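The chain contents come next:
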Amino acid sequence: MSWHTVLDVFALLCLVVGSLMSLAAAIGLVRFPDLLSRMHAGTKPQVLGLLLMLTAVGIESGKPRMIPLLVLAWVFQLLTAPVSAHMVGRAAYRSKHLHEENLVEDELRDVVARAGREESR
């Protein structure tokens, strides 16, 4: 088995697993019951799926100059997806657009209550 065949198989595995991770994120966005669950499904597997797909693209391109560009694309995704999900989650919490019965532990309740008391002063 040649070195190129091994790289092709590894790239294929990365593409398949990355696609499945992205598919899992899409299914979670449609199927999960509340905003916080959907937010989690939309960020975690999607970022890993993108990393695997970008790895496959880097392997198949065979050009080392592509690596910094692909790493940059993944870093931007890694920085923006969790931050935006965090902001959406906090906005949903403050506007009561969530199912409180799905929360196992509510660590944000005291912080929001304290902020509300400080604003009223």
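Residues numbered from 1 in each chain as written. Predicted model: local features only at pLDDT ≥ 70, side-chain atom pairs only at ≥ 80, totals over all residues. Heavy atoms only, no water.

1. Some thoughts on the packing of helix α1 (residues 3-31) against helix α2 (residues 35-61)
Definition in use: Every angle, taken between N-to-C directions, lies between 0 and 180 degrees, and every axis is a line fitted to C-alpha atoms, over only the stretch in contact when it is a helix. Strands are runs of DSSP state E lasting at least two residues, helices are runs of H or I lasting at least four, and both sets are numbered from the N terminus onward. Convention used here: angles under 35 degrees read as roughly parallel, angles over 145 as roughly antiparallel, angles from 65 to 115 as roughly perpendicular, and any remaining angle as oblique. Handedness of each helix crossing follows the sense of rotation of the near helix against the far helix: counterclockwise by less than a right angle gives left-handed, clockwise gives right-handed. Under the scheme applied here, ten amino acids are nonpolar (Ala, Val, Leu, Ile, Met, Phe, Trp, Tyr, Cys and Pro), four are charged (Asp, Glu, Lys and Arg), and all others, including Gly, are polar.
α2 packs onto α1 with a crossing angle of 160 degrees between their chain directions and a minimal axis gap of 7 Å. Classified by the angle their axes make, α1 and α2 are roughly antiparallel. As for how α1 packs across α2, the hand of that crossing is left-handed. Grouping the constituent residues of the contact of α1 with α2 by class yields 17 nonpolar, 8 polar and 3 charged.

2. Brief notes about the layout of surface pockets
Going by this rule: Residues are called lining when one of their atoms sits within 4 Å of a cavity or pocket point, these points coming from a 1 Å grid over the protein atoms alone, where a cavity is a set in which a 1.4 Å probe fits but cannot get out and a pocket is an open set with protein on both sides within 12 Å along at least five of seven lines. Grid points are joined across faces, edges and corners, and a volume is the space filled by probe spheres set on the points.
The computed volume of the largest pocket comes to approximately 470 Å³. At the level of elements, α2 and α3 (66-94) are the ones that each hand at least two residues to the lining of the largest pocket. Broken down by element, the residue count for the lining of the largest pocket peaks at 7 residues, all from α3. The residue inventory of the lining of the largest pocket, partitioned by class, reads 9 nonpolar, 4 polar and 5 charged.

3. Considering the side chain of Thr43
The condition that has to hold: Residue exposure (1.4 Å probe, protein chains only): buried if accessible area is under 20% of the type maximum, exposed if over 50%, otherwise partly exposed. By the criterion applied in these results, polar contacts are pairs of N or O atoms within 3.5 Å in which, for protein atoms, one can donate a hydrogen and the other can accept it, and in which residues neighboring in sequence qualify only through two side-chain atoms. Contacts are assigned to residue pairs with any non-hydrogen atoms lying within 4.5 Å of each other.
Residue placement: Thr43 occurs in helix α2. Judged by relative accessible area, which is 14%, Thr43 ranks as buried. Within polar-contact distance, the side chain of Thr43 engages the backbone oxygen of Met39 at 3.2 Å. Not counting chain neighbours up to four residues away, the residues in contact with Thr43 comprise Ala81 and Ala85.

4. Quick word on the UniProt feature "transmembrane region" (unreviewed entry) in the protein
Stated formally: UniProt positions are given in the numbering used here, feature names are shortened, and annotations may be inferred rather than shown by experiment.
Mapped onto the present numbering, the UniProt feature "transmembrane region" (unreviewed entry) falls at residues 6-30 and 65-88. End-to-end, the C-alpha atoms of residues 65-88 are 36 Å apart, and along that stretch the chain is 96% helix and 0% strand.

5. Description of the environment of Arg117
Position of Arg117 relative to the elements: it lies in helix α4 (residues 109-119). Along the primary structure Arg117 and Leu13 are separated by 104 residues, whereas in three dimensions their C-alpha atoms are 53 Å apart.

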